[in-house]
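One letter stands for each residue in the lines below.
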Amino acid sequence: MQLVKFETQGESHTAMVNPDQVAFLAEGLYGTSIHFASGEYVICHGELDDIAHKLFGPKPASEYLIASTPTAPS
């Protein structure tokens with residue numbers, strides 16, 4: 001299991017994140033947030049692309065996007 005350390009806002013100043021448990025990243029009013037499947041999230045210092053790079057490695061921004069919406073089999 002790989003953990004990645006981030007500076008966060010709020011009561012806790014740092015967080016160790018397991019990239020395998022990240023559901024999505026969002027950029028909001030208070031900063032970039034890392035959301036988990038459990039419904040919990042942390043707000044981090046840093047830009048969305050920088051955090052994605054730190055969590056998932058170097059990829060062009062287009063590779064983080066969903067290419068197409070899956071459809072149900074007919």
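Heads up: the structure comes first, above all this text.
Predicted model only: the values in this text are computed from it and were never measured.

What follows deals with the sheet that holds strand β3 (residues 22-28). Paired through backbone hydrogen bonds, the strands of a sheet run either parallel or antiparallel to each other. Spatial strand order, β3-β4-β5: 3 strands in an open sheet with antiparallel pairing. The sheet is open, and its two edges are formed by β3 and β5 (41-44), each paired on a single side. Averaged over all adjacent pairs, the angle separating strand axes in this sheet is 20°, with direction ignored. Where strand β4 (residues 31-36) meets β5, 4 bridges bridge the pair, whose relative direction is antiparallel. Looking at β5, one finds that S33 is bridged to I43. In the packing of helix α1 (residues 48-56) onto the sheet, contacts are made with β3, β4 and β5, and the angle to β3 comes to roughly 160°.

Among the 6 residues of β4, 5 are classified as buried, and the element is accordingly described as predominantly covered. Sheet topology places β3 next to β4; 6 bridges connect them, and they run antiparallel. Bridge pairing in β4 links L25 to I34. Hairpin connection from β3 to β4: 2 residues lie between these consecutive antiparallel strands. In textbook terms, the turn of a hairpin is the stretch between consecutive antiparallel strands, and for β4 and β5 this stretch comprises 4 residues, one of which, G39, has a positive phi near 100°.

About the cut-offs
Residues numbered from 1 in each chain as written. Predicted model: local features only at pLDDT ≥ 70, side-chain atom pairs only at ≥ 80, totals over all residues. Heavy atoms only, no water. Pairing = 2+ DSSP bridges. Helix = DSSP H or I, 4+ residues; strand = E, 2+ residues; numbered from the N terminus. Axes fitted to C-alpha atoms, helices over the stretch in contact; angles between N-to-C directions. Contact = heavy atoms within 4.5 Å. Buried < 20%, exposed > 50% of the residue type's maximum accessible area, 1.4 Å probe, protein only.

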